[in-house]
Amino acid sequence: MHSRRGILRASAAVAAGLAAAVSLPTAADAAGRPDRVPLPDGFAPEGIEISPRGTAYVTSRVNGSIYRADLKTGTGSVFVTGPGTPSLGLKLDRRNRLFVSGGTGGDARIVDAATGDVLAGYRFAAAGTAFVNDVVLTRRAAYFTDSWNPVLYRLPLTDGLPHESEVTTIPLSGIAYTPGAVNVNGIVDTPDGRALLVVQSNTGLLFRVDATTGAATQVDLGGELLTFGDGLLRDCDTLYAVQNRANQLAVVDLPTGTVTARITDPSFDTPATFAAYAGRLYFTNARFTTPVTPTTTYDVVSLRRP
């Protein structure tokens, strides 16, 4: 294992001791917001993003629809009818635009978060040949992961809408991809803003990636793994990583590379990703181990933020 730029090796024994699983209560917060938001039957959620005013946007991996809910009341409705291909990770920018990953559609699109209008679409790869999974917004660009191909897709952020000709494919080096597996998944920027962090779901490894060259260096977590790592969220020097099929949330101190906690909760049913709002974390229960049917129930659940 290797460390890079302040992300240092932690003692495996210390990390193992601090990473004991704990459970946090799921009671509604002091403002009376519900701790569970029901979604339409058969929706099969994946990504979630929350606006500063408490509006949650949830994507469907079945048909790409986007559900919009008010976290103050827990009520909502389908906001955008999907294109028939998946919608996965999404992020909201300061111009109130949603950047949405297209999964096996091999694409991404920008959606007006106020009207639901699709403002632009971007073709990264032929449908069925890529798995565009998650996205992070930096000051200059949007970066999308591909879980099937060792690349990142870069879309520059401008005052207007980027043209499709401005899409850049960045080859990843230093990460071994396994054919047919979910490889690189969640993505965030580093605390110094100079690089990116990605988690590889099938191996549980965390990598620091040069956003320009795609060169990746494994982050030493002192022997700990983030197996089934999916959505990531960074708060200053703390990284949160949801481990979907493990039904837990890992908390990582980035300056030391120490996994300080693994949080579980009875409300988890293979959570895919999560977003923060008003002192709580809101998780999409993707229920990956449950067959998707028109009557399969889904929800978003919340925990007090660690």
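Per chain, residue numbering runs from 1 following the sequence as it is written. Two thresholds apply to this predicted model, a pLDDT of at least 70 for residue-level local features and 80 or more for giving and counting side-chain atom pairs, whereas whole-chain, interface and lining totals are computed over all residues. Hydrogens and waters are ignored; side-chain quantities use all the structure's heavy atoms.

1. So, the overall build of the protein chain
Next, step 1: Along its length, the protein chain carries one helix and 25 strands.
Next, step 2: Working definition: with a 1.4 Å probe on protein chains only, accessible area under 20% of the residue-type maximum means buried, over 50% means exposed, and in between means partly exposed. Per-residue burial for the protein chain yields a buried fraction of 54% across its 306 residues.
Next, step 3: By sequence separation, contacts in the protein chain at least 24 residues apart represent 49% of the contacts at least 6 residues apart.
Next, step 4: Computed with the Shrake-Rupley method and a 1.4 Å probe, the accessible areas treat only the protein chains shown as cover for residues. Just so you have it, the protein chain exposes about 12100 Å², and 53% of that area is on carbon and sulfur atoms. A run of H or I in DSSP becomes a helix once it reaches four residues, and a run of E becomes a strand once it reaches two; helices and strands are each numbered from the N terminus. Pairs of residues are marked as contacts when any of their non-hydrogen atoms sit within 4.5 Å.

2. Notes on the packing of aromatic side chains
Next, step 1: Under the pairing criterion, centres of Phe, Tyr and Trp rings, with the six-membered ring standing for Trp, must be within 6.5 Å; the plane angle then separates stacked pairs below 30 degrees from edge-to-face pairs above 60, leaving the rest tilted. Summed over all chains, the structure comprises seven aromatic pairs.
Next, step 2: Ring geometry for tyrosine 57 versus phenylalanine 79: centroids 5.9 Å apart, planes at 55°, classification tilted. With tyrosine 57 in strand E4 (residues 55-60) and phenylalanine 79 in strand E6 (residues 75-80), the pair connects residues that are 22 residues apart, well separated along the chain.
Next, step 3: Classification of tyrosine 57 by relative accessible area gives buried; the value is 4%.
Next, step 4: You can call phenylalanine 79 buried: its relative accessible area is 15%.
Next, step 5: Put simply, the rings of Phe124, Phe144 and Tyr153 pair up and form one aromatic cluster.

3. Quick notes on the nonpolar core
Next, step 1: Counting 17 residues, the largest nonpolar core has Tyr143, Ile175, Leu196 and Val209 as its most contacted members.
Next, step 2: For this core, the elements supplying multiple residues, two or more each, are strand E12 (141-146), strand E15 (184-189), strand E16 (196-200) and strand E17 (205-209).
Next, step 3: Of the residues forming this core, the biggest block, three residues, is contributed by E17.
Next, step 4: If sequence neighbours within four positions are ignored, leucine 196 has contacts with Val136, Thr138, Tyr143, Leu152, Ile187, Val188, Asp189, Thr190, Phe207, Arg208, Val209 and Ala211. Note on terminology: a nonpolar core comprises buried Ala, Val, Leu, Ile, Met, Phe, Trp, Tyr and Cys residues joined through side-chain atoms within 4.5 Å.

4. Some remarks on the confidence of the model for the protein chain
Next, step 1: For the protein chain, mean pLDDT is 91; residues scoring 70 or higher make up 90% of the total.
Next, step 2: The quantity called pLDDT is the predictor's confidence in a given residue, expressed from 0 to 100. Throughout residues 1-27 the model reports pLDDT below 50, and contacts reaching past four residues in sequence, or to other chains, amount to 77 contacts.

5. Examining unusual backbone geometry
Next, step 1: Although it is not a glycine, alanine 44 adopts a positive phi angle of roughly 55°.
Next, step 2: Considering the arrangement of structural elements, one finds alanine 44 in the loop between strand E2 (36-39) and strand E3 (45-50).
Next, step 3: Unusually for a residue other than glycine, cysteine 236 sits at a positive phi of about 55°.
Next, step 4: The residue cysteine 236 is located in the loop between strand E19 (229-235) and strand E20 (238-243) in this model.
Next, step 5: Given a relative accessible area of 55%, cysteine 236 falls into the exposed group.

6. A few points about the pattern of salt bridges
Next, step 1: Put simply, a salt bridge is a Lys or Arg side-chain nitrogen that is within 4 Å of an Asp or Glu carboxyl oxygen. Enumeration over the complete set of coordinates arrives at ten salt bridges.
Next, step 2: Among the ionic pairs, aspartate 159 bridges to arginine 95, the shortest N-O distance being 2.7 Å. Of this pair, aspartate 159 sits in the loop between strand E13 (151-156) and strand E14 (168-171) while arginine 95 is found in the loop between strand E7 (90-92) and strand E8 (97-101), placing the two residues 64 residues apart along the sequence.

7. Observations regarding the sheet that holds E3
Next, step 1: Ordered by their spatial adjacency, four strands build an open sheet running E3-E4-E5-E6, and the pairing between neighbours is antiparallel. The sheet terminates laterally at E3 and E6, the two strands that pair on one side only. Shown here is a sheet whose adjacent strand axes are inclined to one another by a mean of 25°, direction ignored.
Next, step 2: Any two strands are treated as partners once DSSP identifies two or more bridges connecting them. Sheet topology places E4 next to strand E5 (residues 66-70); five bridges connect them, and they run antiparallel. The partner of valine 58 across the bridge, within E5, is tyrosine 67. Between the N-to-C directions of two axes lies an angle of 0 to 180 degrees, each axis being a line fitted to C-alpha atoms and, for a helix, fitted only over the stretch in contact.

8. Focus on the sheet that holds E17
Next, step 1: If you trace the four strands from one edge of the open sheet to the other, you get E15-E16-E17-E18, paired in antiparallel fashion. Strands at the two margins of the open sheet, each flanked by one partner only, are E15 and strand E18 (216-218). Across the sheet, the mean angle from the axis of one strand to that of its neighbour is 30°, orientation sign disregarded.
Next, step 2: Of the pairings in the sheet, the one linking E16 to E17 comprises five bridges and is antiparallel in character. Bridge pairing links valine 198 to phenylalanine 207 in E17.

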